[in-house]
Amino acid sequence: MSFKNAMQATQKSILQYAKQGRPYEVLAALLAARQFNTTITETDLQSEAGKKRQLKINYYAPVCTDNGVGNENICNAGTVIEPKQVFFDISRTTASAVYQLNRDDVRYVDGAYTFSDHAKAAINAALPAVRRKLATEVASLLVSNTGLLPDGNSTRMLPFMDKETGTMNPMGLWEVERTYRDAGFSDPFIVGGTDVFHWRKAVEVGGINDKGQNMSALGRSNAYYDTLINDAFGDADTEHIVTFDPQMLKFVSFNRNAGIFATDLNNIDAIDAIYQRGGTDYVEGVLADPLTGLLWDLNVNYDKCNYRWTFQWKLEWDIFFMPPMVCNLPGVNGVCHFTTCAPVQFTCPEGGTPITGATSHTYQWDTNGIVSYPLYVYELDLGGQTSHPDATVANITELKDLMNANVTGYTFGISGTKLNYTGYSGLGGHVNDTTNISFTVAP
């Protein structure tokens, strides 16, 4: 045996090896956008810390049609502008699996490491997977709620980068900004794939181009790169970008382990205290994700019969999409979808299909055999808007009136047993979680 192989191996334990992880900028975008939406705050959804509540917002929707001509008599009855209501519930939960640390496994690791040291390492190791799970679910929800462009189209291809030279094309960004300006929205946040990344890198090294433009001045502090957007669209042939007005949506989260619902032992260092006190305690507290700053609920339990700790990450959250604040086509909600050229090394061909406005259609829902009267409507979920009318309708006419009173942006009519409206996309939803609603293009 050689002298080299006769030596004893040196062991080094790196307990905080998984403390960091891959950032998910779709989360960063939504978290950064929260400060620009003051219509909803985190405290609106809880009466006290740890007590989740439904939020009802009363608001006056903008009046988008007016038939006044100037010769009306002000003494005659007018049109009553009534407030509308929209309800918000934090309805989503993202959680890790339940993981385990065995007491006797710690006996095999040398060094002055406590149970809490090992627990912190295991808990940090479990965070990247549940963080990705949250980011994936957030990206999917954001993509599924993209609305129409102001011209009625569902998406538009724009130039952002020259794929061969890395040269920026400012027209892509300017067209996004113009779209939001024309629709009455504020400066949008931009989340997308390869082109967003290349744009940010090009700005870093930008200067005066051959047109005399200072490309470094374009900036874009609210542009976020995340491949999860492309994944959510499920399209590998095209690059996708989602933009949103930060005043038209709000990411909210809720911690159950807060206020009186948090245990006295509420941090990971308490695990040693749990064991030394005979395993009679547990931890129900919160822990901040070091990458996103989000506070997650963390539950830790010691099973004194099997000599093991089990723990789980959990977060309750949702994205609230606001009802229309400005007059646009039905379906325009401030969340837009744009595409760019695929990330390959060639120049996009010139020309293409001219941009034209989308054509409206009549959409209908046949209630025959689906709705029975009288119908008590506790909850109506339609067009991304949830309301609680708490009213009984006796026929299709009253159902139509109820929907017009509770769904902003659409005008419903009747044709026999069918409810209908004119628009640019179909609506889906339900009544009382039992009766499904599906509007499709009329034949």
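Whatever comes next refers back to the structure up there.
The following refers to the structure shown. Just so we're clear, the structure is a prediction, and the values are computed from it rather than from any experiment.

### Looking at the pattern of salt bridges
Within the structure shown, the criterion is met by 12 salt bridges. Residue Arg92 pairs with Asp318 through a salt bridge whose shortest N-O separation is 3.2 Å. A residue pair is termed long-range when its members are at least 10 positions apart, and Arg92 in strand S5 (residues 92–95) and Asp318 in strand S14 (residues 308–321) qualify at 226 residues. Judged by its relative accessible area of 4%, Asp318 falls in the buried class. Salt bridges sharing common partners tie together Arg156, Glu175, Arg178 and Asp182.

### A word on the pairing of S14
Judged by how many residues are buried, S14 sits mostly within the fold: 11 of 14 residues are covered. Pairing between strand S6 (residues 99–102) and S14: four bridges, direction antiparallel. Across the sheet, the residue bridging to Gln100 is Thr310, located in S14. Strand direction decides the pairing type here: strand S13 (residues 295–303) and S14, joined by seven bridges, are antiparallel. The residue of S14 that forms the bridge with Leu298 is Trp313.

### Quick notes on a nonpolar patch on the surface
Taken together, the side chains of Tyr60, Val63 and Ile81 define a hydrophobic patch exposed on the protein surface, amounting to about 340 Å² of accessible area. Turning to its location among the elements, Ile81 is positioned in the loop between strand S3 (55–59) and strand S4 (84–88).

### Description of empty space enclosed by the protein
Under the counting rule described, the total for this entry stands at two cavities of 30 Å³ or more. Quantified by volume, the second largest cavity comes out at close to 40 Å³. Forming the walls of the second largest cavity are Leu101, Ala119, Ile123, Ile271, Val300, Trp309 and Phe311. Breaking the lining of the second largest cavity down by element, the ones donating at least two residues are helix H3 (115–144) and S14. For the lining of the second largest cavity, the class distribution of residues is seven nonpolar, no polar and no charged.

### Here's the deal with the sheet that holds strand S25 (residues 440–441)
The sheet built from four strands is open, its strands ordered S21-S22-S16-S25 with antiparallel pairing. Two strands close off the open sheet at either side, each with one partner strand: strand S21 (413–415) and S25. With two bridges joining them, strand S16 (residues 361–366) and S25 adopt antiparallel strand pairing. Its bridge partner lying in S25, Gln364 is registered against Thr440.

### Let's talk about helix H5 (residues 194–204)
Asp195, Val196, Trp199, Ala202 and Val203 are the residues of H5 that are buried. Within H5, the buried residues cover an arc of 125 degrees as seen down the axis, which keeps them to one side. Those residues of H5 that are buried lie in contact with helix H4 (170–183), strand S8 (189–192), strand S9 (223–225), strand S10 (239–244) and strand S15 (335–340).

### Re the sheet that holds S15
The five strands lie next to each other as S7-S15-S10-S8-S9, forming an open sheet whose pairing is mixed. Two strands lie at the open edges of the sheet, namely strand S7 (156–157) and S9, each paired on one side alone. When S8 meets S9, the two strands line up parallel, connected through three bridges. By the bridge assignment, Val191 is partnered in S9 with Tyr224. Helix-sheet contacts for H5 involve S8, S9, S10 and S15, and the interaxial angle to S9 is about 120 degrees.

What counts, and at which threshold
Residues numbered from 1 in each chain as written. Predicted model: local features only at pLDDT ≥ 70, side-chain atom pairs only at ≥ 80, totals over all residues. Heavy atoms only, no water. Salt bridge = Lys/Arg side-chain N within 4 Å of Asp/Glu carboxyl O. Helix = DSSP H or I, 4+ residues; strand = E, 2+ residues; numbered from the N terminus. Buried < 20%, exposed > 50% of the residue type's maximum accessible area, 1.4 Å probe, protein only. Pairing = 2+ DSSP bridges. Patch = residues over 30% accessible without salt bridge, like charges linked within 9 Å, V, L, I, M, F, W, Y side chains within 5 Å. Areas by Shrake-Rupley, 256 points an atom, 1.4 Å probe, with all protein chains shown as cover. 1 Å grid on protein atoms, 1.4 Å probe; cavity = no way out; pocket = protein on both sides within 12 Å on 5 of 7 lines; lining within 4 Å. Points joined across faces, edges and corners; volume = space filled by probe spheres on them. Nonpolar A, V, L, I, M, F, W, Y, C, P; charged D, E, K, R; others polar. Arc of directions from axis to C-beta. Contact = heavy atoms within 4.5 Å. Axes fitted to C-alpha atoms, helices over the stretch in contact; angles between N-to-C directions.

Functional significance is not addressed by these values, which are geometric in nature.
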